[in-house]
Amino acid sequence: MHQLTIAEIIRGLRDRQFSSVEITSHLLERIQQLDGHYNSFITVTGEQALAQAAAADARLAAGDAPALCGVPIAHKDIFCTNGVRTSCGSKMLDNFVPPYDATVVDNFQQAGAVSLGKTNMDEFAMGSSNESSFYGAVKNPWDLARIPGGSSGGSAAAVAAQLVPGTTATDTGGSIRQPAAMTGTTGLKPTYGRVSRWGMIAFASSLDQGGPIARTAEDAALMLSVMASSDSKDSTCLDRPQQDYTASLNDSIAGLKIGVPREYFGEGLDGEVGARVQEALKQYEALGAELVEISLPHSKLAVPAYYVIAPAEASANLSRFDGVRYGYRCENPADLRDLYMRSRGEGFGEEVKRRILVGTYALSAGYYDAYYNKAQQIRRLIKQDFVDAFQKVDVIMGPTAPNPAFKLGEKNADPVAMYLEDIYTIATNLAGLPGMSLPCGFAHGLPVGLQIIGNYLDETRMLNAAHQFQQATNWHQQTAPAAE
Amino acid sequence: MAVDAQTVEKLAELARIAISEETIDEVSSRLGDVLQLVDQLQAVNTEGVEPMAHPLDEIQVLRKDAVTEPNRREEFLKLAPQTEAGLYLVPKVID
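Residues numbered from 1 in each chain as written. Chains lettered and ligands numbered in written order. Predicted model: local features only at pLDDT ≥ 70, side-chain atom pairs only at ≥ 80, totals over all residues.

Caption draft 1: Layout of the overall build of chain A. Along the backbone of chain A there are 15 helices and 11 strands. Expected size for 484 residues packed as a compact globule is a radius of gyration near 23 Å; at 21 Å, chain A falls within 12% of this value. A principal-axis box enclosing the C-alpha atoms of chain A has dimensions of 65 × 55 × 45 Å. Across the 484 residues in chain A, those meeting the buried criterion constitute 63%. (Helix = DSSP H or I, 4+ residues; strand = E, 2+ residues; numbered from the N terminus. Rg over C-alpha atoms; globule rule 2.2 N^0.38 Å. Buried ≥ 20, exposed ≤ 12 C-beta atoms within 10 Å, placed from the backbone.)

Caption draft 2: Quick look at unusual backbone geometry. All names here are of chain A. Backbone torsion omega between G150 and S151 reads 10°, so that peptide bond is classified as cis. Turning to its location among the elements, S151 is positioned in the loop between strand 3 (114-119) and helix 5 (153-160). Of note in this structure, R16 is not a glycine but carries a positive phi near 60°. Structurally, the position occupied by R16 is in the loop between helix 1 (6-14) and helix 2 (20-38). Not every positive phi belongs to a glycine, and H444 is a case in point at roughly 55°. Note on placement: H444 falls in the loop between strand 10 (435-443) and strand 11 (446-454). Look at H444 and you get exposed, because 12 C-beta atoms sit within 10 Å.

Caption draft 3: Fine view of the interface of chain B and chain A. Tallying the contact residues gives 39 residues for chain B and 54 residues for chain A. Listed by contribution, the elements that provide at least two residues to the side of chain B that touches chain A are helix 1 (5-14), helix 2 (24-38) and helix 3 (73-77) of chain B. In terms of residue count, the dominant contributor to the side of chain B that touches chain A is helix 2 of chain B (six residues). Considering only residue class, the side of chain B that touches chain A consists of 28 nonpolar, four polar and seven charged. (Contact = placed C-beta atoms within 7 Å. Nonpolar A, V, L, I, M, F, W, Y, C, P; charged D, E, K, R; others polar.)

Caption draft 4: Looking closely at the nonpolar core. If you look at the biggest cluster of nonpolar residues, it comprises 163 residues, and the most contacted ones within it are A:A305, A:Y307, A:V308 and A:V395. Top element by residues in this core is helix 9 (residues 302-317) of chain A. It accounts for 10 residues. (Core = buried A, V, L, I, M, F, W, Y, C linked by C-beta atoms within 7 Å.)

Caption draft 5: Focus on the pairing of strand 7 (residues 257-261) of chain A. Residues and elements named next belong to chain A. Where strand 7 and strand 8 (residues 290-294) come together, five bridges link them in parallel fashion. Residue pairing across strands places I258 opposite L291, the latter belonging to strand 8. Traced from strand 7 through helix 8 (residues 271-286) to strand 8, the parallel crossover comes out right-handed. Looking at chain direction, strand 7 and strand 9 (residues 395-399) are connected through two bridges and run parallel. Across the sheet, residue I258 finds its bridge partner in strand 9, namely V395. (Pairing = 2+ DSSP bridges. Right-handed = clockwise from strand over helix to strand, strands pointing away.)

Caption draft 6: Here's a closer look at the packing of helix 9 of chain A against helix 11 (residues 350-363) of chain A. All names here are of chain A. Interaxial distance between helix 9 and helix 11 falls to 7 Å at its minimum, and their mutual angle equals 100°. Here helix 9 is positioned roughly perpendicular relative to helix 11, judged by the angle of their axes. Across from Y307, V308, P311, A312, A314 and S315 in helix 9, the residues of helix 11 making contact are R355, I356, V358, G359, T360, A362 and L363. The residue makeup of the contact of helix 9 with helix 11, split by class, is nine nonpolar, three polar and one charged. (Axes fitted to C-alpha atoms, helices over the stretch in contact; angles between N-to-C directions. Parallel < 35°, antiparallel > 145°, perpendicular 65-115°, else oblique.)

Caption draft 7: Highlighting the packing of helix 7 (residues 217-227) of chain A against helix 15 (residues 459-472) of chain A. Residue and element names in this part refer to chain A. In contact at an axis separation of 8 Å, helix 7 and helix 15 are set at 150° when each is read in the N-to-C sense. Put simply, helix 7 runs roughly antiparallel to helix 15. Contacts from A217, E218, A220, A221 and L224 in helix 7 reach E459, L463, A466, H467 and Q470 in helix 15. When grouped by side-chain class, the residues that make up the contact of helix 7 with helix 15 number six nonpolar, two polar and two charged.

Caption draft 8: Spatial organisation of the pairing of strand 5 (residues 186-189) of chain A. Residue and element names in this part refer to chain A. By the alternation rule, side chains of strand 5 split into T186 and L188 and G187 and K189, which are all buried. Pairing of strand 5 with strand 6 (residues 209-214), which is carried by two bridges, proceeds in the antiparallel orientation. By the bridge assignment, T186 is partnered in strand 6 with A214. Where strand 5 meets strand 10, three bridges bridge the pair, whose relative direction is antiparallel. In the strand pairing of strand 10, K189 is matched with G435.

Caption draft 9: Region of the structure containing the environment of A:L336. Summarising the element assignment, A:L336 is placed in helix 10 (residues 336-347). The class for A:L336 is partly exposed, based on 16 C-beta atoms found within 10 Å. Considering only alpha carbons, one finds A:L336 and A:G323, 13 residues apart in sequence, at a separation of 9.8 Å. Residue contacts for A:L336: discarding those within four places in its chain leaves B:V90, B:P91 and B:V93.

Caption draft 10: The arrangement of helix 8 of chain A in detail. Residue and element names in this part refer to chain A. If you check helix 8, its first and last C-alpha atoms are 23 Å apart, about what 16 residues at 1.5 Å a residue would give, namely 22 Å. When we look at burial in helix 8, the residues that qualify are V273, R276, V277, A280 and Y284. Buried positions in helix 8, seen along its axis, are confined to an arc of 95° and lie on one side of it. In this structure, helix 8 carries G271, K282, E285 and A286 as exposed residues pointing more than 90 degrees from its buried face. Looking at the buried positions of helix 8, the neighbouring elements they touch are strand 7, strand 9, strand 10, strand 11 and helix 15. Phi turns positive one or two residues past the end of helix 8, at G288, with a value near 100°. (Expected span 1.5 Å × (residues − 1). Arc of directions from axis to C-beta.)

In structure tokens, the structure reads:
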């Protein structure tokens, strides 16, 4: 049953082939048996899941089933869950049990989904390898000595290991797409503002966006249809009606104009990864799409601009963790200053502290114009590159990440090397555009991700292109070897 | 661009993050690497470019100033490390 996609589970439940309690129990058992190998979950909510599943079965029997009724999912531990510990991968929030649900969590509940628990992640979503989690690194199901990507590494690994068919995740600089690429799963970051950030613990507010990780584009579309909504509680959330993102999956892509940015195939790209992406583009040509070479001239500035903007926003957002109202507090503070200094010094991990300090630097007196303002100007130049490109093309494609999954510990000592992992994904966040990663083959025996970048609010076209590729190929159906 | 230990100490103070003496050299060197990366921005001519705050240039939505949330003071206080008489407790600030 664990091989089933969300679309298949929906059909199976409605045709009474199995019940939600059956599939939920089966997956909970798998998590218990196997997750010791992967460490993809921080918290498993078995009892609650079975209660939700039983309620879903009753609704299915009564013929009153909402879109995802009885479908098991899991939430990245960045989304607040009422009564269930929400750690954000940090010692700072190890004891934090939110008194409310994030809008995303609420949306899935309204849709009848069953939550199996909370998935592991880089601390405060800062990382590309899932090694900065307070709860330990997540292992890639394709090779347990390798990283699953990050920051949504637990969400991606849990799907790749078939512990759950779909998970929620978040993407600030690539945190949905890069782990999807590393684990052979399908991940989607929507247009900035599509998905409410209310109750999603903030890292960099102008970049953060929630989205799904699943095994197919169709499943990602089913999840996004539930996940995206307008929300008066998040003033940056777009005021657009909920829509059915599966509606145009089956449209033909003949005549689709695919922009191929030459900057995404240069120095730093692994040769085998590049070859797999080229083969995927050939496949698209065979499906009737037209490849158009384009240029995104400011591409190389995306990583530096991001590492000003994201830390600056993080330093402001994470100032709320002060040891006073919730979260970690140090032992025996001498005075209030000592309470702040040690609670934050002890509660945050190294990467989080580093980014707060960089952000503090960029925002401090005398540096604001040279760093933050400059980066925001460059952000507009990067956006303009995309606006110009989308005059000529419908979607943009290239690699998701420059290399397949690297070894645990390999890039830990060098933050800048780790940052370059997101060289192809970060520009999309800076511009606020939607992006996806889907499996397109293997390099050095490990999954490779094809990235699709869509125009603003054009998720349906991106999903259509991804679905048509998956109808013609079976890379997304390859499964990681069983853990022993 | 190198960051000296004194700068790191100043930043740590501004950010209210205790950094131990033993790690300060490592932190300075790592911060220096990151600042070197972001210093690439300085070479770009951005004269006349409007800084971008929101990807879709949407403006802040205003809502009516109405009460929408119930008072859940007790629940929120329960999350705090130390409270007394309905208030958050911190070490003495004034004598």
